[in-house]
Each structure stands twice: as structure tokens, then as C-alpha cells.
Amino acid sequence: MNDMLHTKVQATEEQIAYYQENGFVQIDNVLSPEELEELRNCLNETMGHTGGNSLQTDASGGAYYKVLNQRVNTWRDHGGMARFVLGDRFADLGKQLTGFAGVRLFHDHALFKMPGDSKPTPWHQDRPYWPMSVDESRPLHGFSIWIALDDVDEHNGCMMFVPKSQRIRNLKSVDLVTPEDIFAQQGASDMDRNTAVIVRMKAGSCTFHDGMTFHYAHSNHTDQPRRALAIIYFEDGTQFSGADHAVTKDQGLVAGERLAGPLFPKLA
């Protein structure tokens, strides 16, 4: 197939305004049918891979596996995945939405919500898990694209977002296996989960969300895996906080230095 992944997509003014106001936005048909089929094949191959530089976060039967069957940094093992993850289409869309001058890759993760004994992904923010320093006078934080490889709704694990929740800061991370209620944390009492938007999508569509936006994914009640590819990006210039993270472990990073280099390439 022709390499269209460097073909830029222009976000509309309405999409940019919605993202900046609410902390998330849905963008339909970000992949062509041909690209969707190729990405499905690549993801199926990489989820069955053993060894290499990518990371499987839990094994079948594990408590986390029941929430998410997840493989991190698939681009480092699979050339087909690298075409999608390192292509500038998604990063450039994120750059348009956020207004960042430059965007770097933090990591990708293949996210399969498995059939059978599936658990919901509880309400959480992403940013508390990421080892990125924040200057309170000019908060720097990452954002994610979440690409649906299957049609998604409440029956197989679609996501929900609480509008404007990206403004809530300084909350603790939530254990996705045995979580506490994030809405009960001090500082989150003004957030109303009843305002949450259910994001049903066709395969090949995506959402972007800010690293602080409250989000949740339903459990999978079907007999097939719900497949998605998520990619985390951050603003160029963001500093390493020194916190422990699987992606930065053993990379020789020093707290206070910029996250950069070959594992965190600038894509837009």
C-alpha cells in the first residue's frame, strides 16, 4: 500500500476549541480502511510476540490482564507498528489540538480488553503515572491518542470522559486493579461523573485526551477482544521528574534534564 501515514490531517477550528475547553475530542476516520486492516494485522502480530524491547505488563490470568492486556513500546520490535507510531499524522494532529511548538513520543501501547472475565478500567488521570516534571507557572503535561481498531460502545469497552476535568491537578494515581474512587480525592469534589461523555466510535476513528482528563473504559462483554492502539506524546522541552517508570528505567536519565533522545523522538 502507499505510505499515507505522513499525510497530515487538518483538525477543524471546532475540534481544536472543543479539545482545549473540555480536555478531549473525538476525530472520526483518522485511518483509511486499508490502513485499519494493516494496523490490525500488525497489532495481532505484536501481541503474540515474546522477548524483544517491548514490554508485556501482565500475563493471561493476572489481575491487571483482566483490566487490560497491554504491550508497551511495540514500535521498538515491529516495523509495521513503527510506521504507525512514528508517522507524523497523529503527532501533528495532537500538535494542532494542544498548540505545543513541538511534540515528542513517550511510548505507545497496544490495549486489548479481553473477552470473558473482563474488568472495567476505573476512572483515572494518566498524568500522575508519567515521570514528567511540572512547572506550576506553565504546566507541561502529555496527551494521548486512542485509536479504535474495532467498533466500540458500552458493550465492549468504549471510553468515557469528564469534560473540563483536565483542570484538576495534584491528585494521586489510581491503582487500576484495586482502585480508590478518584472523585473522592481532595480537589476532585467539584467534578461530577454524571456529566461524563460516552464515546462510541467506529473502527479507524480516535480520541485525543489531555493527560489530566478523567476517563474510564467499560468492560468487554462480547466474545472478541476489543483492540486499540494508544500513543502518548509530550511537549518538547518537558523535563524528567526522576520518578520510576518502565519506559525510562535503566536509560541513565537524570531528574531535571529534558526527555529527549532516540527513544523519545520529536515527531511534530
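Calculation rules
- Residues numbered from 1 in each chain as written.
- Predicted model: local features only at pLDDT ≥ 70, side-chain atom pairs only at ≥ 80, totals over all residues.
- Heavy atoms only, no water.
- Pairing = 2+ DSSP bridges.
- Helix = DSSP H or I, 4+ residues; strand = E, 2+ residues; numbered from the N terminus.
- Contact = heavy atoms within 4.5 Å.
- Axes fitted to C-alpha atoms, helices over the stretch in contact; angles between N-to-C directions.
- Core = buried A, V, L, I, M, F, W, Y, C linked by side-chain atoms within 4.5 Å.
- Buried < 20%, exposed > 50% of the residue type's maximum accessible area, 1.4 Å probe, protein only.
- Salt bridge = Lys/Arg side-chain N within 4 Å of Asp/Glu carboxyl O.

**Overview of the sheet that holds strand β9 (residues 206-210)**
Read from one edge to the other, the open sheet built from 7 strands follows the order β1-β9-β6-β11-β4-β3-β2, with strand pairing classed as antiparallel. Strand pairing shows two members of the sheet lacking a second neighbour, β1 (24-27) and β2 (55-56), which therefore form its edges. Judged from the 10 bridges that link them, strand β4 (residues 103-113) and strand β11 (residues 226-235) form a sheet pairing that is antiparallel. In the strand pairing of β11, H109 is matched with A230. The sheet contacts of helix α1 (residues 13-22) involve β1, β6 (143-148) and β9, and relative to β1 the element is tilted by about 150°. Against the sheet, helix α5 (residues 88-98) engages β1, β4, β6, β9 and β11, with an angle of about 130° to β6.

**Considering the nonpolar core**
In this structure, F208 and Y233 are the most contacted members of the largest nonpolar core, which totals 37 residues. When residues of this core are traced back to their parent elements, those giving at least two are β1, α2 (33-47), α4 (79-86), α5, β4, β6, β9 and β11. A total of 5 residues in this core trace back to one element, the largest contributor, which is α2. Ignoring sequence-local partners within four residues, the contact set of Y233 consists of V85, F90, A91, V103, R104, L105, F106, G142, F143, I145 and L267. Judged by nonpolar contacts, the second largest core, of 15 residues, contains A148, M159, V199 and A217.

**Some words on the pattern of salt bridges**
Tallied over the full model, the rule gives 13 salt bridges. Between D92 and K8 there is a salt bridge; the shortest N-O distance is 3.9 Å. Of this pair, D92 sits in helix α5 while K8 sits in the segment before α1, and the two are 84 residues apart along the sequence. Judged by relative accessible area, which is 12%, D92 ranks as buried. The partner of R193 in a salt bridge is D181, and the shortest N-O contact between them spans 2.7 Å. Placement of the pair is R193 in the loop between β7 (159-161) and β8 (197-199) and D181 in the loop between β7 and β8, with a sequence separation of 12 residues. Via salt bridges that share partners, E21, K164 and R167 belong to a single interconnected network.

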